[in-house]
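Next come the chains, spelled out residue by residue.
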Amino acid sequence: MKITVLNGPNLNLLGKREPEIYGSMTLTDIQVRMLSFIKDDSVEMTFMQSNKEYELVDEIQSLMGKENQFIIINPAAFTHTSVAIRDALQATKVPFIEVHLSNIYAREDFRKKSFFSDIAMGTISGLGANGYLLALSHLLNYTK
Ligand code: DQA
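Since the structure is predicted, the reported quantities are computational estimates derived from the model, not experimental observations.

Asks: Kindly report on the overall build of the protein, identifying the contributing residues and their values.
Replies: Looking only at helices and strands, one finds 5 helices and 5 strands in the protein. The linear arrangement of helices and strands in the protein, starting from the amino end, is β-α-α-β-α-β-α-β-β-α. Against the compact-globule benchmark of 15 Å for 144 residues, the protein has a radius of gyration of 14 Å, which places it among compact chains. Across its three principal axes, the protein shows a C-alpha extent of roughly 40 × 30 × 25 Å. The 144 residues of the protein split such that 47% are buried. Sequence-distant contacts in the protein: of pairs separated by 6 or more residues, those separated by 24 or more amount to 75%. For the protein, the accessible surface area stands at approximately 7,400 Å², while carbon and sulfur atoms represent 52% of it. Averaging the coordinates of the 14 positive side-chain charges in the protein and doing the same for the 16 negative ones gives two points 2 Å apart.

Asks: Talk me through the packing of helix α3 (residues 53-61) against helix α4 (residues 83-92); I want residue IDs and the actual numbers.
Replies: Closest axis-to-axis distance for the α3/α4 pair is 9 Å, and the angle between their directions is 5°. One element, α3, and the other, α4, form an angle in the roughly parallel class. Between α3, through E53, L56, V57, I60 and Q61, and α4, the contact on the second element is made entirely by A84, I85, A88, L89 and T92. Class assignment of the residues belonging to the contact of α3 with α4 gives a composition of 7 nonpolar, 2 polar and 1 charged.

Asks: Describe in detail the nonpolar core, supporting the description with residues and values.
Replies: Ranked by internal contacts, the top residues of the largest apolar core, which has 25 residues, are I3, M34, I72, L101 and Y132. Broken down by secondary-structure element, the contributors of at least two residues to this core are β1 (2-7), α2 (27-37), β3 (69-74), β4 (96-100) and α5 (130-142). Ranked by the residues each element gives to this core, the list is headed by α5, at 5 residues. Once residues within four sequence positions are removed from consideration, Y132 is found in contact with V5, N7, L11, I30, M34, I72, N74, V99 and L101.

Asks: If you had to explain the site of the ligand to someone new, which residues and values would you point to?
Replies: Around the ligand sit R17, Y22, N74, A76, A77, H80, H100, L101, S102, I104 and R111, and those are all the residues in its vicinity. At 2.8 Å, a backbone N or O of L101 approaches an oxygen atom of the ligand. In this structure, S102 approaches the ligand through a side-chain N or O atom, which is 2.6 Å from an oxygen atom. Within the complex, 99% of the 320 Å² of free accessible area of the ligand lies under protein. The class makeup of the residues in the shell around the ligand is 5 nonpolar, 4 polar and 2 charged.

Asks: Please give an account of the pattern of salt bridges that cites residues and values.
Replies: Under the defined criterion, the tally for this structure stands at 5 salt bridges. Of the charged contacts in the structure, one is a salt bridge between K52 and E55, with a shortest N-O distance of 3.8 Å. Two residues, R111 and E108, come together in a salt bridge whose shortest N-O distance is 2.7 Å. A relative accessible area of 35% places E108 in the partly exposed class. A network of salt bridges, in which partner residues are shared, links R107, E108 and R111.

Asks: So what about the packing of aromatic side chains? Which residues, and what values?
Replies: Scanning the entire structure with this criterion turns up 1 aromatic pair. Relative to F116, the ring of F96 has its centre 6.4 Å away and its plane inclined at 90°; by these criteria the two rings are edge-to-face. Of this pair, F96 sits in strand β4 while F116 sits in the loop between β4 and β5 (122-125), and the two are 20 residues apart along the sequence.

Cut-off values and rules
For every chain, the first residue of its written sequence is number 1, and the numbers climb from 1 along that sequence. A pLDDT threshold of at least 70 governs which residues receive local features in this predicted model, and a stricter bar of 80 or more applies before side-chain atom pairs are shown or counted, although totals over entire chains, interfaces and linings include all residues. Values shown for side chains rest on all heavy atoms present in the structure; no hydrogens or waters enter the calculation. Think of it this way: any DSSP run of H or I at least four residues long counts as a helix, any run of E at least two long counts as a strand, and we number them from the N terminus. The reference for a compact globule is 2.2 Å times residues^0.38; the radius of gyration itself is calculated from the C-alpha atoms. Between buried and exposed lies partly exposed: a residue is buried under 20% and exposed over 50% of the maximum accessible area for its type, with that area taken using a 1.4 Å probe on protein chains only. Here, two residues are considered to be in contact whenever any of their heavy atoms come within 4.5 Å of each other. All accessibility values rest on the Shrake-Rupley procedure with a 1.4 Å probe; residue burial counts only the protein chains present in the view. The convention is simple: Lys and Arg are positive, Asp and Glu are negative, and His and the chain ends are not counted. By convention, the point assigned to a charge is CZ for Arg, NZ for Lys, CD for Glu and CG for Asp. Working convention: axes come from line fits to C-alpha atoms, limited for helices to the stretch in contact. Angles between N-to-C directions cover 0 to 180 degrees. To sort the angles, those under 35 degrees are grouped as roughly parallel, those over 145 as roughly antiparallel, those from 65 to 115 as roughly perpendicular, and the leftovers as oblique. Nonpolar residues are Ala, Val, Leu, Ile, Met, Phe, Trp, Tyr, Cys and Pro. Charged residues are Asp, Glu, Lys and Arg, and all others, Gly as well, are polar. Side-chain atoms within 4.5 Å are what join buried Ala, Val, Leu, Ile, Met, Phe, Trp, Tyr and Cys residues into a set we call a nonpolar core. For this description, a residue counts as near a given molecule or strand if any of its non-hydrogen atoms is within 4 Å of it. Under the rule applied, a polar contact is a pair of N or O atoms within 3.5 Å (in protein, one hydrogen donor and one hydrogen acceptor; residues adjacent in sequence only if both atoms are side-chain atoms). Each salt bridge in this description consists of a side-chain nitrogen of Lys or Arg and a carboxyl oxygen of Asp or Glu lying within 4 Å of one another. Within 6.5 Å between ring centres, the rings of Phe, Tyr and Trp (the latter by its six-membered ring) count as paired, and their orientation is classed by plane angle as stacked under 30 degrees, edge-to-face over 60, tilted in between.

Here it is, written out as structure tokens:
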């Protein structure tokens, strides 16, 4: 199984960025935790963060036609704007879990609309960095 973990704009600033909303862990801290969760050699995990929409689209497209692929994605601000990333996910048909550190439904109205939730396997929002681990745990335990 191959899991690609994608993070959108400004998530490179985690740890320094509004810690009262997004927590004090850096993206590297989260990646280290996720890697330590994997006990099975047959699971490969790669990480990518980009502030550029087209780079996320290109990364998703690169998975097209490959077997046994899953994505964990926090599209960050692109959650609320990106038809392009949604289309890439739909085109490649790679099953994905949408993760948000904050509870996007308890914030500004513009954050309540996600272009991803209706086509995701599931969405985790508001559980902080733990959301990534919960998404990973689901893929490891409940998918074949
Ligand atoms: C976010 C929520 C988005 O609304 C915001 O633009 C982000 C991060 C989250 O993880 O809570 O950058 O996806």
